[in-house]
Amino acid sequence: MKLYIKSSDCISAQATFESALPAELSLPENGGLTCLKPDYKKFISPKLLRRMSPIIRNGVTCSLSTLKQANIEVPDAIIVGTALGCLKDTASFLTQLIEENEELPNPTHFIQSTHNTIAGQLALLLKCTNYNFTFSQMHNSFECALLDAQLMLLDEQANNVLVGGVDELPEVSYELTKDLDCYKEATLGEGGSFFVLSTEESSVELKGVKIINSPDCNIEEELKHFNLSINDVDVVIGGDVAENDATYSAFQHKFEGKPYVWYKPFMGEFGTASSMALWIASKIIEEQTIPQCWLKSGMDFNNYNNVVIYNNVGGEQSLIVLSKN
Amino acid sequence: MSELKEELKKQLIEQLNLEDFEVSDIDDNDLLFGDNGLALDSIDALEIIVLLEKEYGIKIADPKQGKDIMTSVQTLADYIESKR
Amino acid sequence: MNDSIVVTGIGVVCSIGTNVRECFSSLKNERAGIEPIQYLNTVHKERFKLGEVKRSNEELVAMLGLSHNDADKYSRTALLAMLAGREAMQMAEASNGAMRTGVVSSTTVGGMDVTEQKYLKQADHSYLQTHPCGDSTRQLAHFIGATGYYTTLNTACSSGTNALIHGVRLLRHGIVDRVVVGGVDALTMFTLNGFNSLMILDTEHCKPFDKNRKGLNLAEGAGYLVLEKEQDANHFLCKVPGFANANDAYHQTASSPEGNGAFSSMSQALEMSGLSTDDIDYVNVHGTGTNNNDLSEGVALNRLFGKGKVPQFSSTKAYTGHTLAAAAGIEAVFSVLAIQNDIIYPNLNFEEAIEDLELIPNTKVLEGKGVNNVMSNSFGFGGNNSTVIFSK
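Going along each chain's sequence as written, the residues are numbered from 1 onward. Numbering of ligands from 1 and lettering of chains from A proceed in the order in which they are written. In view of the model being predicted, local features appear only for residues whose pLDDT reaches at least 70, and side-chain atom pairs are presented and counted only at 80 or more, with totals across whole chains, interfaces and linings using the full set of residues.

Caption draft 1: Highlighting the overall build of chain C. Starting at the N terminus, helices and strands are each numbered in turn, a helix being any DSSP run of H or I of at least four residues and a strand any DSSP run of E of at least two. Per the secondary structure count, chain C includes 11 helices and 14 strands. With the C-alpha coordinates aligned to their principal axes, the bounding extent of chain C is approximately 60 × 50 × 40 Å. In this scheme the burial state of a residue depends on its C-beta neighbours within 10 Å: 20 or more other such atoms mean buried, 12 or fewer mean exposed, and anything in between means partly exposed; the C-beta positions come from the backbone. Counting the 392 residues in chain C, one finds 65% classified as buried.

Right, here's the structure in full:
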């Protein structure tokens, strides 16, 4: 059985929402990369919006737009990946507890702090009583959600699954995490990308996702699982956070001469950043062109069949492969 | 009393993030809960209980007991006055 | 895709014991673990009773055979996960040696126990390494030598069963040959104050399904099962014929008065299992002891089984307290033990039935009657409802 990406959307620090791949990128000033805010009120009533932190706003808005594009009112499943969940509410509640010595903290922060708030809010808004999962496995959170969606569709337990990844970077967590070893070279960011993964045909086929937790990754071997060789790959999307990111140099080397897309310098590094890469990949297949600003190396050649996405943060690695249908 | 009600309205707007409301939008007798009025929900009720304790030193141990007190800004103000 | 799935190992730690043997003995002897606060650092020490694991972090480190110097590398959450996960794996080890083992764990607050002690107090933020939910799972996977595939679910208090559901998918698609599934949560000041702010904590020992119930007792622990395909297993403890996840889509924290989500997760799990309502010998209910949960779950039980026809049921949370993401894992272990030993546990502290429901849980240790099929419920915030069925 083949699986397809029927629709997708992305909220990020770039003008990606309800848009094609932007032909221009704004480069970050100092600090982290925060999302451009869409008009949330187009999607969410003010009554609900008033309690929502950025991660919930972005996750819900992005999901609703994705569903709308696919003409789906209620998906057969909602599966969300988030590495750190609702950080802003978590930090607010915790700060209050510590500063006020556990006296009368506000319940709303606690309620909104649980990781599955995004998927839960979507269920409420859509009156969707179906399967509702939230994965949180650090830098593979989105990949695990995608794998679960894929397997569920292959098992014929669903026809259309809403799946996505989302994280937020409130100021407090920027200050806390910017110096952590695994982020030293990176510009931190936030955002969300959602997809309707479907058994119904579209122009973008999801070949699969592979999660690799061992330190080594033999790319040739891994591609065999997707019936591909290095030669078959038309474009690769790497998780490089900087020009000379040693983590990806061996990987990039394997694909020398092919267009190499990067995104983290403009969208930021975060736990579910690879969901951004999947959005970019599906746009490349749909549009068959890559604006120059996304290319770290290589040239746009307007003919893209197979796209490989590779992510590796601290040894938690993943490959996602898309093909043109 | 009217000062108290004004203050309560400000606190409600702030604490419940009623971004689209001004003090003048809330009448003393507007229902806080239910569809005709501010349409607040059970999460707001918990927040109002915290507000009463923090700002006015009034403890409500049983959320059910809070129902009658939290009908409107007027009933909230009456209750606070009665405890003063 | 319809390969029969079996349980080949179980492991547990909670307030009534640090391993399967201890917990089973407590269950049989009606010994609850809910007591005044001994370990958790909170200003509410005198106010609440909790289901703490009666071991300090140092003691847990020693039990795990870890170096004392490494103690800082682990959150309490990770330590509890490693203790229960190791026990489950040791029991399953008799099966097949060289298999690709995966881990699907779950937790609601991950390493919050560490974060809340250091946040705003320490300039060096390296303690945040243990904060993400995925950290305890990674530690568990490394500790038991399972580095093929591991992941973490966080769907609040239904998480453990959802971990099982994802784990079964991995087995059936051959992504792993064997998978450790379940959940863990350590007690934290964060969750204690959180649940307190929702006004759903009982300051006394909780009374699930009682008319005068006042709320839940928070607790900690971990519970894991090892799952394999029946065809790959040399021996097994019981089968897992049915499971389901559904959403109530009613309210962010409360359950619907009609128990819609609970009804659908139970009926879908039953349908998958091919069993009928008459086949269920025991229901290990979610039964937190809150006004809302027990009423909603009770309505759903009556809807599914018919009023007056609900099988023997009990909430073991009056023993253990509510361990959040660990609850489904721990109660899965208890369900497997019920089948292995033909035993039904009592619902401690029950006195009077909830009006209109006419539901009376089992109140004594019942032995000697065959327990062939057990249903276990786990429900969480966000309307998340899950049910799993275990069979002889």
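Let us keep going from here.
Caption draft 2: Spatial organisation of the overall build of chain A. Regarding its fold elements, chain A presents 11 helices and 11 strands. Each radius of gyration reported is based on C-alpha atoms, and the globular scaling rule is 2.2 Å times the count of residues to the power 0.38. Over its C-alpha atoms chain A spans a radius of gyration of 19 Å, differing by no more than 12% from the 20 Å that the globule rule assigns to 325 residues. By principal-axis analysis of the C-alpha atoms, chain A measures approximately 60 × 45 × 35 Å. For chain A, with 325 residues in total, the buried portion stands at 60%. For the purpose of contact definition, each residue receives a C-beta atom placed from its backbone, and two residues are in contact when these atoms lie within 7 Å. The contacts in chain A between residues at least 6 apart in sequence include a share of 76% that link residues at least 24 apart.

Caption draft 3: Representation of the nonpolar core within the structure. Counting 251 residues, the largest nonpolar core has A:Ile280, C:Val7 and C:Leu225 as its most contacted members. For this core, the leading source of residues is helix α11 (residues 325-341) of chain C, giving 12 residues. Domain start and stop points were drawn from an automatic or database domain assignment. Taken domain by domain, the makeup of this core includes at least three residues from each of domain 1 (3-198) and domain 2 (205-324) of chain A. Non-local contacts of A:Ile280, meaning those with residues more than four positions away in its chain, are made with A:Leu21, A:Ile237, A:Val261, A:Tyr263 and A:Trp294. Each nonpolar core consists of buried Ala, Val, Leu, Ile, Met, Phe, Trp, Tyr and Cys residues. Their C-beta atoms, within 7 Å, join them into a set.

Caption draft 4: Focus on the interface of chain C and chain B. Facing 5 residues of chain C, the contacting portion of chain B comprises 4 residues. Partitioning the side of chain C that touches chain B into residue classes produces 3 nonpolar, 2 polar and no charged. Charged means Asp, Glu, Lys or Arg here, nonpolar means Ala, Val, Leu, Ile, Met, Phe, Trp, Tyr, Cys or Pro, and polar covers whatever is left, Gly included.

Caption draft 5: Structural view of unusual backbone geometry. All names here are of chain C. Positioned with a positive phi, Glu 30 is a non-glycine residue whose angle comes to about 55 degrees. Look at Glu 30 and you get partly exposed, because 14 C-beta atoms sit within 10 Å. Phi at Asp 356 takes a positive value of approximately 75 degrees, unusual for a residue other than glycine.

Caption draft 6: Broad picture of the environment of A:Ser318. Residues and elements named next belong to chain A. When you line up the elements, Ser 318 lands in strand β11 (residues 316-324). Look at Ser 318 and you get buried, because 25 C-beta atoms sit within 10 Å. Distance from Ser 318 to Asp 245, taken between C-alpha atoms, is 17 Å for residues 73 residues apart in sequence. Every residue in contact with Ser 318, bar those within four places of it in the chain, is listed here: Asn 140, Glu 143, Val 209, Lys 210, Ile 211, Ile 212, Ser 274 and Asn 311.

Caption draft 7: Focus on the domain arrangement of chain A. Residue and element names in this part refer to chain A. Once the domains are mapped, chain A shows domain 1 (3-198) and domain 2 (205-324). A straight line from the C-alpha centre of domain 1 to that of domain 2 covers 22 Å. Domain 1 puts 49 residues into the contact, and the matching count from domain 2 is 35 residues. For the side of domain 1 that touches domain 2, the element with the highest residue contribution is helix α6 (residues 141-154), accounting for 7 residues. Taken together, the residues of the side of domain 1 that touches domain 2 break down into 27 nonpolar, 17 polar and 5 charged.

Caption draft 8: Just the confidence of the model for chain C, in detail. Per-residue confidence from the predictor is reported as pLDDT, which spans 0 to 100. Overall, the prediction assigns chain C a mean pLDDT of 95, with 98% of residues at 70 or greater. Prediction confidence for the complex, expressed as pTM and ipTM, is 0.96 and 0.97 respectively.

Caption draft 9: Expanded view of the interface of chain C and chain A. Chain C puts 47 residues into the contact, and the matching count from chain A is 45 residues. Grouping the amino acids of the side of chain C that touches chain A by side-chain chemistry returns 17 nonpolar, 28 polar and 2 charged.

Caption draft 10: Layout of the packing of helix α6 (residues 159-172) of chain C against α11(C). Residues and elements named next belong to chain C. Packing of α6 against α11 brings their axes to within 5 Å, and their N-to-C directions diverge by 65 degrees. On the basis of their axis angle, the class for α6 and α11 is roughly perpendicular. Across the interface between the two elements, Ser 159, Gly 160, Thr 161 and Leu 164 of α6 pack against Ala 325, Ala 326, Ala 327, Ala 328, Gly 329 and Ala 332 of α11. Its residues assigned to classes, the contact of α6 with α11 comprises 6 nonpolar, 4 polar and no charged. Whenever a helix is involved, its axis is fitted only over the stretch in contact; in every case the axis is a line through C-alpha atoms, and angles between N-to-C directions fall within 0 to 180 degrees. The cut-offs work like this: below 35 degrees is roughly parallel, past 145 is roughly antiparallel, 65 to 115 is roughly perpendicular, and the gaps in between are oblique.

Caption draft 11: Expanded view of helix α1 (residues 20-28) of chain C. Residue and element names in this part refer to chain C. Every buried residue of α1 is accounted for by Val 20, Cys 23, Phe 24 and Leu 27. For α1, the buried positions fall inside an angular range of 100 degrees around the axis, keeping them on one side. Every exposed residue of α1 that faces more than 90 degrees away from the buried side is listed here: Arg 21 and Ser 25. Elements that come into contact with the buried residues of α1 comprise β1 (5-14), α3 (76-92), α10 (317-320) and α11. Residue Glu 30 follows α1 closely and has a positive phi angle near 55 degrees. The arc in question is the one traced by the directions running from the helix axis out to the C-beta atoms.

Caption draft 12: Just the pairing of strand β2 (residues 77-81) of chain A, in detail. Buried residues dominate β2(A), accounting for 5 of its 5 residues. Alternating positions in β2(A) separate into two faces, A:Ala77, A:Ile79 and A:Gly81 on one and A:Ile78 and A:Val80 on the other, with burial throughout.

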